[in-house]
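The primary structure of each chain is shown beneath.
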Amino acid sequence: MTAPRLHAARGPAGAAVLDLATGRWHVLDPIAATLLDLPADPLERAAAIEKATARWAATGADPDRVRADLTRVAADLDHLRAGRPVDHMPPDPPPTVRFTPTGRPSLRGRAAAVIGLATALLLLRFLPIRHVVAVARAATRLPGRPARVRDAEAVLAAVRAAGTWWPGRVACLEESLAVHLAAALTGHSVRWVLGARFKPHGAHAWIVADGHVIGQDENDRVWPYLSVLTTERFEQVVE
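Thresholds, definitions, all that
- Residues numbered from 1 in each chain as written.
- Predicted model: local features only at pLDDT ≥ 70, side-chain atom pairs only at ≥ 80, totals over all residues.
- Heavy atoms only, no water.
- Pairing = 2+ DSSP bridges.
- Helix = DSSP H or I, 4+ residues; strand = E, 2+ residues; numbered from the N terminus.
- Axes fitted to C-alpha atoms, helices over the stretch in contact; angles between N-to-C directions.
- Core = buried A, V, L, I, M, F, W, Y, C linked by side-chain atoms within 4.5 Å.
- Buried < 20%, exposed > 50% of the residue type's maximum accessible area, 1.4 Å probe, protein only.
- Contact = heavy atoms within 4.5 Å.
- Salt bridge = Lys/Arg side-chain N within 4 Å of Asp/Glu carboxyl O.

Caption draft 1: Fine view of the sheet that holds strand β4 (residues 86-88). The 4 strands are arranged β3-β2-β1-β4 in an open sheet whose pairing can be described as mixed. The open sheet has two edge strands with one neighbour each: β3 (24-28) and β4. Across this sheet, the average inter-strand angle for adjacent strands is 25 degrees, counted without regard to direction. In the sheet, strand β1 (residues 6-11) pairs with strand β2 (residues 14-19) via 6 bridges, with the strands oriented antiparallel. Considered in β2, the bridge of Ala8 is made with Val17.

Set out below in structure tokens:
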């Protein structure tokens, strides 16, 4: 069986790494981020560390200390990778973020939201995250068309209404997965995205429809998150 992969994305503040084997996030500073793809050959590896050492020493850092830190971080990353490849998410352009959903769900949408939310809660309760991701990706293969913003917002509104009846936790991970699954049940495709931010460190999950991040907190008007793992991409809707 193929070992679960690592998924990573780089930004100016460093890199965020999701280990699908454990479901754990690792946030790397800019120095550690440069070591994510160190070559296995010892000579090439030493040359890469020396190159990074020289770059940081040129900023005034102590080269011996930088070299020691880089060597230690490289060993830590070797332990994390354990021979597994790292899937790098290409940088996304800054998204358009939408806040309180305005769409009105249909009766069919409400029923799909109940099923989607129940399924999401069960998946996240009983399965490792790598299997949850596999189910989410399988849902993108259901027949349907890319969701417009109003379609996705209507599904989100229905999921949030269904969530008021659940006595437990319905946070971003549960809600976004429920929207992804419920949208698929209504014949619409959205992107489910897992990502992270650096200041302060934190993980997040969200839905993208037609290039718009749907239903976010008003405090995130300046979008702080890097997309690290996503379900299948779709082209923007043509009206």
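Caption draft 2: Representation of the nonpolar core in the model. By size, the foremost hydrophobic cluster in this structure holds 43 residues, and its most contacted members are Val133, Val159, Leu177, Val190, Trp192, Leu194 and Ile214. Only β2, α4 (107-126), α5 (129-139), α6 (149-163), α7 (172-185), β8 (191-197), β9 (202-209) and β11 (226-230) provide two or more residues apiece to this core. Beyond its immediate stretch of four places on either side in the chain, Val159 contacts Ala113, Leu117, Glu175, Ala178, Val179 and Ala182. Within the second largest apolar cluster, 19 residues are counted, among which are Leu36, Leu70, Leu77 and Leu80.

Caption draft 3: Inspection of the pairing of β3 at higher detail. As judged from the 5 bridges shared by β2 and β3, these two strands associate in the antiparallel manner. Note on β3: the bridge partner recorded for Val17 is His26. The turn linking β2 back onto β3 is made up of 4 residues, and Gly23 within it adopts a positive phi angle of 80 degrees.

Caption draft 4: Spotlight on the sheet that holds β9. If you trace the 5 strands from one edge of the open sheet to the other, you get β5-β10-β9-β8-β11, paired in mixed fashion. Taken across any chain shown, the strands that pair with only one partner, and hence form the sheet edges, are β5 (96-97) and β11. Taken strand by strand, α5 contacts β8 and β11, and its axis lies near 140 degrees from that of β8.

Caption draft 5: Main features of unusual backbone geometry. Omega for the bond connecting Lys199 with Pro200 falls within 30 degrees of zero, at -10 degrees, which places this linkage in the cis form. Relative to the elements of secondary structure, Pro200 occurs in the loop between β8 and β9. For Ala82, which is not glycine, the phi dihedral falls at a positive 50 degrees. As for its placement among the helices and strands, Ala82 is situated in the loop between α3 (63-81) and β4. A positive phi angle is found at Asp210, which is not glycine, with a value near 50 degrees. Within the secondary structure layout, Asp210 lies in the loop between β9 and β10 (212-213). For Asp210, a relative accessible area of 18% puts it in the buried group.

Caption draft 6: Layout of the pattern of salt bridges. Counted under the stated rule, the structure contains 13 salt bridges. A salt bridge links Arg67 to Glu50, with the nearest nitrogen and oxygen atoms 2.6 Å apart. In this pair, Arg67 is assigned in helix α3 and Glu50 in helix α2 (residues 42-57), connecting sequence segments 17 residues apart. The exposure class assigned to Glu50 is partly exposed, which follows from its relative accessible area of 36%. When the shortest N-O distance is used, the salt bridge between Arg98 and Glu153 registers 2.6 Å. Of this pair, Arg98 sits in the loop between β5 and α4 while Glu153 sits in helix α6, and the two are 55 residues apart along the sequence. Accessibility expressed as a relative area gives 30% for Arg98, which makes it partly exposed.

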